[in-house]
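Residue-level listing of the chains:
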Amino acid sequence: MAPNKYMQETDNNLVHTYNRFPVTLERGEGVYIYDTDGKKYLDFAAGIAVSGLGYGNQELNLALKEQIDKLMHSSNLYYNTTCGEAANALKKISGMDRVFFTNSGTEAIEGALKSARKYAWTKKTGRYEYIAMKDSFHGRSMGALSVTEHEAYRAPFEPLIPGVSFAEFNNLDSVKKLVTDKTCAIILEPLQGEGGINMATQEFMEGIRELCSEEGILMICDEIQCGMARTGEMFACQLYDVKPDIMVMAKAIGSGVPVGAFAMTQEVAEYSLVPGDHGTTYGGNPLACAAVAKTIEIFEREDMKAHVKEVGSYLAEKLDELVKEYDAVLERRGIGLIQGIRLNQPVGELTKKALKEGALIISARSDVVRLVPPLVIEKEHVDALIDVLSKVLREML
């Protein structure tokens, strides 16, 4: 694909901090995106699991337009009309008691980590250390990097925040060996996205919850990518019937409007953040909260969980067929509409070829194709994606 004027303008004005595909996207409709040349792409990336409602949802768009005409920003020095509505909606679907809005998932992770330390400080426990998981990803700010186990991300910015150790994901004994009287929180993704589409086992999730309760440690669940019905439950921890002390959310809660949140139980709220401990100029602004409230309203009314379970099962079935058909496809991973296939080789070439064939897919680590489409896809879109994958795999192999 030849660079167009939009790519050249970006290259002329920005240092290269992103590895971009050679395409400039202009508009979206349903589960499709169009580039500036009018080429149509089936989207199985959803802006990295963000655009749950797809593109051009008129009900969402109208709600945002109406809010723009009313008020976009007021700062957190004042109440606004949509913040409480959005917070109550998130509380209802998450089972948590208190919500703090941020601008992104990474910011929400920072708030969660600070809340855990403040809780320990208020309780005078002397705890300040964290246990995180290998193959984890929680963001790229200094605090989020500190609990992200990926040497390529961490190395240039060390030393990071001290007091973090990494356990083997799905190995409860590995976690227990790292617990000390200084451990204040254990943070994990119930389903690791960036780390390779790795699902926690029932035993592991229940074991972490029990361990935290017994030892006075807070359990933090990062639901940034796997939350908002993507697994077939509103949040992935609900697959296991496990309730964390702190939950982190972002991406699909705003359907493309930048917004994140961390939520906590009443117990944690009472002993953690007070005015002055944490803040954000834009977090909880009326426009972002209007997006959250309307997104949740649509998800609940349309029973998005049931839809994801149905179409996700169909996607899993079709991916399993690829595993049987191609020796290079080693396994399928995931659930609902966060799925992946692991290959016996790097998948970079496959994602590039799929782009040429009109499908947007992304990777997780170097050898896993990550499929996180808009949640409104239908079985016909799964079939179209499988056709592309099959064609590309035949060409590559």
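Here goes a summary of the coordinates provided. Within each chain, residues carry numbers counting from 1 in the order of the written sequence. For a predicted model such as this one, the threshold for reporting local features is a pLDDT of at least 70, and the threshold for listing and counting side-chain atom pairs is 80 or more; totals across whole chains, interfaces and linings nevertheless cover every residue. To obtain the side-chain values, all non-hydrogen atoms of the structure were included, while hydrogens and water were left out.

Details of the packing of aromatic side chains
Filter applied, for reference: We call Phe, Tyr and Trp rings a pair once their centres come within 6.5 Å, taking the six-membered ring for Trp, and we label the pair stacked below 30 degrees between planes, edge-to-face above 60, and tilted otherwise. Strands here are runs of E lasting at least two residues and helices are runs of H or I lasting at least four, both read from the DSSP assignment and numbered beginning at the N terminus. A simple rule labels every residue: compare its accessible area, found with a 1.4 Å probe on the protein chains alone, to the largest value its type can have, and call it buried under 20%, exposed over 50%, or partly exposed in between.
Using the criterion set out here, one finds four aromatic pairs in the structure. Between phenylalanine 100 and phenylalanine 262, the aromatic rings sit 5.0 Å apart at their centres with planes inclined by 20°, giving stacked as the arrangement. Of the two residues, phenylalanine 100 is situated in strand 4 (residues 98–102) and phenylalanine 262 in strand 12 (residues 260–264); the sequence distance between them amounts to 162 residues. In this structure phenylalanine 100 comes out as partly exposed when scored by relative accessible area, which is 23%. When the ring of tyrosine 119 is compared with that of tyrosine 271, the centres are 6.2 Å apart and the planes differ by 85°; the resulting orientation is edge-to-face.

Brief notes about the environment of alanine 229
The following threshold applies: Whether two residues are in contact is decided by their heavy atoms: any pair within 4.5 Å suffices.
Tracing the chain through its elements places alanine 229 in the loop between strand 10 (218–222) and strand 11 (246–249). Between the C-alpha atoms of alanine 229 and leucine 77, which are 152 residues apart in sequence, the distance is 33 Å. The contacts of alanine 229, once residues within four sequence positions are left out, are Met234, Phe299, Met304, Lys305, Val308 and Leu375.

Considering the sheet that holds strand 3 (residues 40–43)
Note the cut-off: For two strands to be treated as a pair, DSSP must find no fewer than two bridges joining them. Inter-axis angles, ranging from 0 to 180 degrees, are taken between N-to-C directions of lines fitted to C-alpha atoms, where helices are fitted over the stretch in contact.
Here four strands make up an open sheet; going across it, the order is 1-2-3-15 and the pairing mixed. Bordering the open sheet on either side are strand 1 (25–29) and strand 15 (359–360), each of which pairs with just one other strand. The sheet contact formed by strand 2 (residues 32–35) and strand 3 spans three bridges and is antiparallel. Looking at the pairing, isoleucine 33 lines up with tyrosine 41 of strand 3. Contacts from helix 14 (residues 379–396) reach strand 2, strand 3 and strand 15, with the element oriented near 105° to strand 3.

Let's talk about the pattern of salt bridges
To keep it simple, the criterion reads: Should a side-chain nitrogen of Lys or Arg be within 4 Å of a carboxyl oxygen of Asp or Glu, the pair is scored as a salt bridge.
One pass over the structure, following the stated rule, counts 23 salt bridges. The partner of lysine 123 in a salt bridge is glutamate 267, and the shortest N-O contact between them spans 3.3 Å. Taken as a pair, lysine 123 in the loop between helix 5 (105–122) and strand 5 (129–133) and glutamate 267 in helix 10 (residues 266–270) lie far apart in primary sequence, 144 residues in all. When its relative accessible area of 35% is taken as the criterion, lysine 123 is described as partly exposed. Note that aspartate 245 and arginine 209 form a salt bridge whose closest N and O atoms lie 3.0 Å from each other.

What about helix 12 (residues 304–325)?
Stated formally: Take the number of residues in a helix, subtract one, and multiply by 1.5 Å to get its expected span.
Compared with an ideal rise of 1.5 Å per residue, which puts 22 residues at 32 Å, helix 12 spans 31 Å between its outermost C-alpha atoms and is within 8% of the ideal. Residues of helix 12 that are buried make contact with helix 11 (286–301), strand 13 (329–335), strand 14 (338–343), strand 17 (368–371) and helix 14.

What to know about the sheet that holds strand 13
Strand order in this open sheet of four strands is 13-14-17-16, and the pairing throughout is antiparallel. Two strands lie at the open edges of the sheet, namely strand 13 and strand 16 (362–364), each paired on one side alone. Taken pair by pair, the neighbouring strands of this sheet meet at an average axis angle of 30°, ignoring direction. With six bridges joining them, strand 13 and strand 14 adopt antiparallel strand pairing. By the bridge assignment, glycine 334 is partnered in strand 14 with glutamine 339.

Section: a negative patch on the surface
We apply this condition: Think of a patch as exposed residues, more than 30% relative accessible area, with no salt bridge, where like charges cluster within 9 Å and nonpolar side chains (Val, Leu, Ile, Met, Phe, Trp, Tyr) cluster within 5 Å. Every accessible area reported is derived by Shrake-Rupley at a probe size of 1.4 Å, with residue values counting cover from the shown protein chains alone. When charges are tallied, Lys and Arg are placed among the positive residues and Asp and Glu among the negative ones, while His and the ends of the chain are skipped. The atoms used to mark charge sites are NZ of Lys, CZ of Arg, CG of Asp and CD of Glu.
Residues Asp173, Glu203, Glu206, Glu210, Glu214, Glu215 and Asp241 make up a contiguous surface patch of negative charge. Of all the elements, helix 9 (residues 202–215) adds the most residues to the negative patch, at five residues. Mapped onto the elements, glutamate 210 comes out in helix 9. On the basis of relative accessible area, glutamate 210 is assigned to the partly exposed category, the value being 48%.

Quick look at the side chain of glutamate 189
Worth spelling out the cut-off: Here a polar contact is recorded for every N or O atom pair within 3.5 Å, except that within protein the pair must consist of a potential hydrogen donor and a potential acceptor, and residues adjacent in sequence are included only if both atoms are side-chain atoms.
Turning to its location among the elements, glutamate 189 is positioned in the loop between strand 7 (183–188) and strand 8 (191–192). Comment: no salt bridge for buried glutamate 189; closest opposite-charge side chain is arginine 370, at 7.9 Å. Only 3.1 Å separates the side chain of glutamate 189 from the backbone nitrogen of phenylalanine 137, close enough to count as a polar contact. Setting aside chain neighbours within four positions, we find glutamate 189 in contact with Asp135, Ser136, Phe137, His138, Phe169 and Asp222.

Structural notes on the environment of isoleucine 377
Structurally, the position occupied by isoleucine 377 is in the loop between strand 17 and helix 14. Sequence spacing of isoleucine 377 and lysine 118 is 259 residues, and the spatial spacing of their C-alpha atoms is 42 Å.

Regarding the pairing of strand 2
The two faces of the sheet receive side chains in turn, since in a regular strand these alternate between them. Bridge count for strand 1 against strand 2 is four bridges, and the pairing is antiparallel. Within strand 2, the position partnered with arginine 27 by the bridge is tyrosine 34. What sits between strand 1 and strand 2 in their antiparallel hairpin is a turn of two residues, with glycine 30 showing a positive phi close to 65°. Counting the residues in the hairpin turn of strand 2 and strand 3 gives four residues, including glycine 38, whose phi is positive at 85°.

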